Amino acid sequence: MKSKVLLISTSPHLHKGQDVQQIMFNVVWALIPVVLSAIYFFGLRAFLLIAVCSVVSLITEHICQKLRKRETTIQDGSALITGILLGLILPPSLPLWTAALGAVVSITIGKMVFGGLGYNRFNPALVGRAFLQASFPVLMTSWSNPTKEIFGFKLDALTGATPLAAMKFQHQFTEFKSLFIGNISGSLGESSAFIITLSGLYLIIRKIADFRIVAGVFLGTILLGGILWQVDPSQYADPLSHILSGGFLLGTFFMATDMVASPATSKGRWIYGLGIGLLIILIRNFSGLPEGVMYSILLMNALSPLIERYSQPRVFGQLKNQRS
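What counts and how
Residues numbered from 1 in each chain as written. Predicted model: local features only at pLDDT ≥ 70, side-chain atom pairs only at ≥ 80, totals over all residues. Heavy atoms only, no water. Core = buried A, V, L, I, M, F, W, Y, C linked by side-chain atoms within 4.5 Å. Buried < 20%, exposed > 50% of the residue type's maximum accessible area, 1.4 Å probe, protein only. Helix = DSSP H or I, 4+ residues; strand = E, 2+ residues; numbered from the N terminus. Contact = heavy atoms within 4.5 Å. Phe/Tyr/Trp six-rings, centres within 6.5 Å; stacked < 30°, edge-to-face > 60°. 1 Å grid on protein atoms, 1.4 Å probe; cavity = no way out; pocket = protein on both sides within 12 Å on 5 of 7 lines; lining within 4 Å. Points joined across faces, edges and corners; volume = space filled by probe spheres on them. Nonpolar A, V, L, I, M, F, W, Y, C, P; charged D, E, K, R; others polar. Axes fitted to C-alpha atoms, helices over the stretch in contact; angles between N-to-C directions. Parallel < 35°, antiparallel > 145°, perpendicular 65-115°, else oblique. Left-handed = near helix turned anticlockwise from the far one by under 90°. Patch = residues over 30% accessible without salt bridge, like charges linked within 9 Å, V, L, I, M, F, W, Y side chains within 5 Å. Areas by Shrake-Rupley, 256 points an atom, 1.4 Å probe, with all protein chains shown as cover. Salt bridge = Lys/Arg side-chain N within 4 Å of Asp/Glu carboxyl O. Polar contact = N/O pair within 3.5 Å; in protein donor to acceptor, adjacent residues only side chain to side chain. Expected span 1.5 Å × (residues − 1).

Novice: How do you make sense of the nonpolar core when you look at a structure like this?
Specialist: Among soluble globular proteins, nonpolar side chains are generally buried collectively. By size, the foremost hydrophobic cluster in this structure holds 64 residues, and its most contacted members are Leu 31, Leu 88, Leu 250 and Phe 254. Per-element accounting of this core gives the leading share, twelve residues, to helix 1 (residues 20–42). Contacts of Phe 254, omitting those with residues within four sequence positions, involve Val 27, Ala 30, Leu 31, Leu 85, Ile 196, Ser 199, Gly 200 and Leu 203.

Set out below in structure tokens:
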């Protein structure tokens with residue numbers, strides 16, 4: 001009788017059927033409608049900014065890998081995502097050379113110095129934007145109104161305050177219809193809350209973005225934003241205005257859910273998302289900045305290892321007093 005051989009290997013024992021490349025390009029497909037809406041509202045300038053950020057990100061990662069004497073990893077799609085996201089969180093009027101510099105910083109400092117994909121502690125695109133915000137504050141706060149031309153050349157003809165700036169400094173609230181459709185001044189990725197939400201839901205359905213993080217961000221924003229709004233509605237905006245304004249939706253669906261920079265535990269992801277939502281409201285209302293999504297996510301990225309450490313589930317069969 002022929003004996004059967006039992007092979008035992010290390011975990012994980014189950015395979016979901018998706019590799020890194022498939023996951024990354026699913027995110028790219030989800031970003032395409034957001035990119036198209038940005039091009040529709042802001043014209044050729046949007047296309048050029050996103051294209052420059054994407055190409056420079058790919059070239060920078062390729063060079064970094066060659067300097068490290070390793071095979072290039074640009075085919076996995078992660079550098080492309082970084083470039084697209086960086087382009088979407090930049091003002092339409094930003095000079096192309098500045099965008100290219102931001103892409104270099106995103107890849108080198110935000111990703112490669114940590115060891116590359118899977119090791120970065122912060123979202124690379126937000127690292128690049130934070131660098132540009134600190135280095136070129138005037139350029140990073142110069143906004144253009146939508147041109148509504150796909151490949152027209154009426155670029156930067158009009159300037160205006162973003163809904164968040166008008167809300168914070170002038171106590172003027174933008175109507176929900178404009179916020180929902182996206183015909184507003186702001187970064188490229190602030191165009192069309194409707195499109196961004198649909199793209200984000202696609203990531204959740206495909207289980208690429210964890211719903212716990214997204215729900216936590218929404219919950220934190222609604223709780224603290226709602227309390228402040230009830231206290232003084234003339235001074236503080238309602239939670240829905242916060243959700244539809246600025247980079248909230250793009251940051252929540254595409255950057256807060258970064259698989260590497262967010263906690264791996266289920267409980268930790270709730271805490272992480274809730275913290276981001278609370279920080280967004282605190283920064284928007286009590287700091288000198290009208291926007292707070294970037295700093296909120298980066299701060300919670302920094303706390304992610306600590307959150308993960310103290311939110312570990314109990315090992316099956318382990319008693320409470322045995323936990324270290």
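Novice: Any chance you could explain the packing of aromatic side chains here in plain terms?
Specialist: Any aromatic ring pair is given by two values, namely how distant the centres are and how the planes are angled relative to each other. This structure, assessed with the given rule, holds eight aromatic pairs. Arranged with centres 5.5 Å apart and planes meeting at 90°, the rings of Trp 97 and Phe 136 form a pair that is edge-to-face. In this pair, Trp 97 sits in helix 4 (residues 96–108) while Phe 136 sits in the loop between helix 5 (124–135) and helix 6 (163–169), placing the two residues 39 residues apart along the sequence. For Trp 97, a relative accessible area of 52% puts it in the exposed group. The structure contains a cluster of three or more aromatic residues connected by ring pairs, namely Phe 218, Phe 248 and Phe 253.

Novice: In this structure, what is going on with empty space enclosed by the protein? I would like to understand it.
Specialist: Any empty space left between atoms is shown by rolling a water-sized probe over those atoms. The full count for this structure, using the stated rule, is two cavities of 30 Å³ or more. One number sums up the size of the largest cavity: a volume of about 50 Å³. Along its surface, the largest cavity is lined by Gly 189, Glu 190, Ala 193, Ile 196, Ile 243, Leu 244, Ser 245, Gly 246, Leu 249 and Leu 250. A breakdown of the residues in the lining of the largest cavity according to their chemical character gives six nonpolar, three polar and one charged. By volume, the second largest cavity amounts to about 30 Å³. Forming the walls of the second largest cavity are Pro 163, Met 167, Gln 172, Phe 173, Thr 174, Leu 179, Ser 241 and Ser 245. The class makeup of the residues in the lining of the second largest cavity is four nonpolar, four polar and no charged.

Novice: I'm lost on the packing of helix 3 (residues 78–88) against helix 5 in this one. Help?
Specialist: For any two helices packed against each other, the geometry is given by the interaxial angle and the distance between the axes. Relative orientation of the contacting elements helix 3 and helix 5 amounts to 40°, with a least axis distance of 8 Å. By the angle between their directions, the pair helix 3 and helix 5 is classed as oblique. Helix 5 is crossed by helix 3, and the crossing has right-handed handedness. For the pair helix 3 and helix 5, contact is made by Thr 82, Leu 85 and Leu 86 and by Pro 124, Ala 125, Gly 128 and Arg 129, respectively.

Novice: When you look at the packing of helix 1 against helix 3 in this model, what are you seeing that I'm missing?
Specialist: With their axes 10 Å apart at the nearest point, helix 1 and helix 3 run at an angle of 25° to one another. Relative to helix 3, helix 1 is oriented roughly parallel. Classified by chirality, the crossing of helix 3 by helix 1 is left-handed. Touching Met 24, Phe 25, Val 27, Val 28, Leu 31, Val 34, Val 35 and Ala 38 of helix 1 are Ser 78, Leu 80, Ile 81, Ile 84, Leu 85 and Leu 88, all from helix 3. Considered class by class, the residues forming the contact of helix 1 with helix 3 number 13 nonpolar, one polar and no charged.

Novice: Which parts of the structure should I look at to understand a nonpolar patch on the surface?
Specialist: Among the surface-exposed residues, Phe 180, Ile 181, Phe 194, Leu 198, Leu 201 and Ile 205 lie close enough to one another that they form a single nonpolar patch of about 570 Å² accessible area. At the level of secondary structure, the elements contributing two or more residues to the nonpolar patch comprise helix 7 (176–181) and helix 8 (193–205). For the nonpolar patch, the leading source of residues is helix 8, giving four residues. By relative accessible area, Leu 198 is classed as partly exposed at 45%.

Novice: Explain helix 3 to me, please; I cannot follow it from the model alone.
Specialist: Counting along an α-helix, one turn takes 3.6 residues, and residues three or four places apart therefore face a common direction. Summarising burial for helix 3: eleven of the eleven residues are buried, a large majority. Of all the positions in helix 3, only Ser 78, Ala 79, Leu 80, Ile 81, Thr 82, Gly 83, Ile 84, Leu 85, Leu 86, Gly 87 and Leu 88 are classed as buried.

Novice: Help me out: how do you make sense of the side chain of Asp 210 in this one?
Specialist: Residue placement: Asp 210 occurs in the loop between helix 8 and helix 9 (211–231). Take Asp 210: its relative accessible area is 13%, and that puts it in the buried class. A polar side-chain atom of Asp 210 sits 2.7 Å from the main-chain amide nitrogen of Arg 212. Ignoring any residue separated from it by four or fewer positions in sequence, one finds Asp 210 in contact with Thr 257 and Arg 269.

Novice: What is the right way to look at the pattern of salt bridges in this model?
Specialist: In total, this model carries four salt bridges according to the counting rule given. The closest approach of N and O atoms between Arg 212 and Asp 210, which form a salt bridge, is 3.0 Å. Given the relative accessible area of 23%, Arg 212 is considered partly exposed. Residues Arg 284 and Glu 291 are paired through a salt bridge, measuring 2.9 Å at the closest nitrogen-oxygen approach. On the accessibility criterion, Glu 291 (22% relative accessible area) is partly exposed. A cluster of three or more residues bridged by salt bridges with shared partners is formed by Asp 210, Arg 212 and Arg 269.

Novice: How should helix 2 (residues 44–67) be read in this particular structure?
Specialist: With 24 residues, helix 2 ought to run about 34 Å at 1.5 Å a step, and its terminal C-alpha atoms sit 34 Å apart, in line with that. Lys 69, located one to two residues past helix 2, shows a positive phi value of around 60°.

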